[in-house]
Amino acid sequence: MAPQDKNTPPPLPEPLRVAVADSHTHLDMQEGTVEEALTKAASVGVTTVVQVGCDLAGSRWAAETAAAHDSVHATVALHPNEAPRIVLGEADGWSRQGAREPGGDSALDAALTEIDKLAALPQVRGVGETGLDCFRTGPEGMAAQEASFRAHIEIAKRHGKALVIHDREAHDDVLRILREEGAPDRVVFHCYSGDAEMAKICAAAGYFMSFAGNVTFKNAQPLRDALAVAPPELVLVETDAPFLTPAPYRGRANAPYLIPVTLRAMAEVTALTEDALATAIAANTARAFGY
């Protein structure tokens, strides 16, 4: 692929015959307006999106955007990598807010109080993305990350909302904390990253597994093996846009309208027809997020 192609949006895929939802997207990080993104997605059969909050500002924005658009549902949370930043500060300004001062545990408590208030709103259908990330957060930040995850589980249960989990290189600890705290009725593993063995554990617990564009990557055979054993009634599809653009467009910006590319790749793995998989996913997403 020539370098200039990276900036060219991928073409519109063939529309799905059965409408589905993008179970996890970040419209606030994508080019163009929300209206443009929703129109483009709907034109290929992606008629619903779940807009996910990662910090206080993003969670407020998700709630406002869902209130303004019938086809958008919100989730609110402090991302696993956000909690340590609030407590310990961040010198290098990796996150969208730039460099930050340490706020300590009291700042985390204050932020969680606001997430709790947002989680009570009717258009907010989930609490997440929360969880654990051993890839970007070092050992010094794990206590804050774990405390935040446990608090989000409690918030999700109290409000009767879905829990949306970010699990990066932390499978065993995420599953352990869910057992220790007692999982909410509805749990979604966003951008499922476990293997087939973990998929069986999630299935036994009734956890939803949401697959993203990385299921199409050449090196992702363990993900495809997991999808092959995941019960069709627990499978969701997502973009995590603008990240994780499916092949053959890897390296370009992702968007909800590319869901059909990932769903068709998933159908080949599951041995379901495209329509049968889309029908299952549409029902599963509505059940997972209670809309």
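Residues numbered from 1 in each chain as written. Predicted model: local features only at pLDDT ≥ 70, side-chain atom pairs only at ≥ 80, totals over all residues. Heavy atoms only, no water.

1. Focus on the confidence of the model for the protein chain
Consideration 1: Summarising the model, the protein chain shows a mean pLDDT of 95, and 97% of its residues fall at 70 or more.
Consideration 2: Confidence, read as mean pLDDT per element, is least for helix α3 (residues 82–88) in the protein chain (94) and greatest for strand β8 (residues 235–237) (99). (pLDDT = per-residue confidence, 0-100. Helix = DSSP H or I, 4+ residues; strand = E, 2+ residues; numbered from the N terminus.)

2. What about the pattern of salt bridges?
Opposite charge on two side chains allows them to pair when their charged atoms are near.
Consideration 1: Under the counting rule described, the total for this entry stands at 15 salt bridges.
Consideration 2: With a closest N to O distance of 3.1 Å, Asp116 and Arg158 form a salt bridge. Residue Asp116 is located in helix α4 (residues 104–119), and its partner Arg158 is located in helix α5 (residues 142–159); the two are separated by 42 residues in the primary sequence.
Consideration 3: The partner of Glu154 in a salt bridge is Arg158, with the nearest N and O atoms 2.7 Å apart. You can see Glu154 and its partner Arg158 sitting in helix α5, 4 residues apart, about one turn around the helix.
Consideration 4: Using a relative accessible area of 44% as the deciding quantity, one classes Arg158 as partly exposed.
Consideration 5: What you see here is one network of salt bridges that share partners, running through Glu146, Arg150, Asp173, Arg176, Glu180 and Glu181. (Salt bridge = Lys/Arg side-chain N within 4 Å of Asp/Glu carboxyl O. Buried < 20%, exposed > 50% of the residue type's maximum accessible area, 1.4 Å probe, protein only.)

3. Things to note about α5
Consideration 1: The first and last C-alpha atoms of α5 sit 26 Å apart over 18 residues, in line with the 26 Å expected at 1.5 Å per residue.
Consideration 2: Just past α5, the residue Gly160 takes up positive phi, approximately 65°. (Expected span 1.5 Å × (residues − 1).)

4. Regarding the sheet that holds strand β5 (residues 162–168)
Consideration 1: Spatially, β1-β2-β3-β4-β5-β6-β7-β8 is the arrangement adopted by the 8 strands of the open sheet, whose pairing is parallel. A strand with exactly one partner marks an edge of an open sheet, and here the two such strands are β1 (20–25) and β8. Put simply, the sheet's adjacent strands are angled 30° from each other on average, direction ignored.
Consideration 2: Where helix α2 (residues 56–68) meets the sheet, it contacts β2 (46–52), β3 (72–76) and β4 (124–133), and its direction lies at approximately 160° from that of β3.
Consideration 3: Together, β4, β5 and β6 (187–189) form the strand contacts of helix α6 (residues 171–181), whose direction differs from that of β5 by roughly 155°. (Pairing = 2+ DSSP bridges. Axes fitted to C-alpha atoms, helices over the stretch in contact; angles between N-to-C directions. Contact = heavy atoms within 4.5 Å.)

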